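Structural characterization, general
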Amino acid sequence: MTHQENIYDLVKLIPEGKVTTYGRISDFLALGSARVVGWALNQCNKNGANIPAHRVVNRKGELSGRGSFATPSTMQELLEQEGVEVLDNCVVNFDLVVWDPLELL
DNA sequence: CCTATGACGCCGG
DNA sequence: GCCGGCGCCATAG
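Now for a quick tour of the structure. Just so it is clear, the model here is predicted, and its values are computed rather than measured.

1. Considering a nonpolar patch on the surface
Together, L13, F28, L102, L104 and L105 make up an exposed nonpolar region whose accessible area comes to about 520 Å². Locating L105 in the fold gives a position in the segment after α5 (94-97).

Written out as C-alpha cells, the structure reads:
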C-alpha cells in the first residue's frame, strides 16, 4: 500500500469549485510530511491518472504546482472553469473556497 | 549507503 | 508580515 493511492483517493473527493492544501492532506492521512503529497501529485500527472490535482494548493492558496501541468496556465484555467477565481497565481477568497478533509467526518 | 532535491510547512528573528 | 533556517519523507543518482 503506497501513499499515492491514499492521496489519489482523497484528492478525488475534493468537491468541484473547492480547493485544499498539501498540509491538510498530509495531516488527514498522517503522512508526516506535505512534501510527499506534492511528489505523489507530480507523479500522477506523469501517470496520466484522472486526478483533479489542480484543486491542491499550498497553505497560502498559491498555485505552486502550476509548473508541472501541460502549460503554466493550465492549473489556473481548470480552477476558473470550476468557478474558483485566481489572481496572480493565488486563489481569491482562499478562506471561503478551501475545503478540509475533516468535513468528511 | 549517502547526498541532493522537491507541487510543503512551522518557528523564530 | 516577510525571510531565512530547519524538519519532514520519498526518490533519484
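2. Looking at unusual backbone geometry
The phi angle at A30 is positive, at roughly 55°, despite the residue not being glycine. Within the secondary structure, A30 is located in the loop between α2 (22-28) and α3 (34-47). Even without being glycine, D88 reaches a positive phi, approximately 55°. Mapped onto the fold, D88 is located in the loop between β3 (86-87) and β4 (90-91).

3. Re the protein's contact with DNA strand B
Around DNA strand B sit 15 residues, and of these Y22, G23, R35, N45 and R59 come closest. The protein-proximal atoms of DNA strand B, defined as those within 4 Å of the protein, are 42% sugar or phosphate. For the surface near DNA strand B, the secondary structure elements donating two or more residues are α2 and α3. Considering each element in turn, the surface near DNA strand B owes the most residues, 6 residues, to α3. Split into classes, the residues belonging to the surface near DNA strand B amount to 5 nonpolar, 8 polar and 2 charged.

Reading guide: rules and limits
Residues numbered from 1 in each chain as written. Chains lettered and ligands numbered in written order. Predicted model: local features only at pLDDT ≥ 70, side-chain atom pairs only at ≥ 80, totals over all residues. Heavy atoms only, no water. Patch = residues over 30% accessible without salt bridge, like charges linked within 9 Å, V, L, I, M, F, W, Y side chains within 5 Å. Areas by Shrake-Rupley, 256 points an atom, 1.4 Å probe, with all protein chains shown as cover. Salt bridge = Lys/Arg side-chain N within 4 Å of Asp/Glu carboxyl O. Helix = DSSP H or I, 4+ residues; strand = E, 2+ residues; numbered from the N terminus. Near = heavy atom within 4 Å. Nonpolar A, V, L, I, M, F, W, Y, C, P; charged D, E, K, R; others polar.

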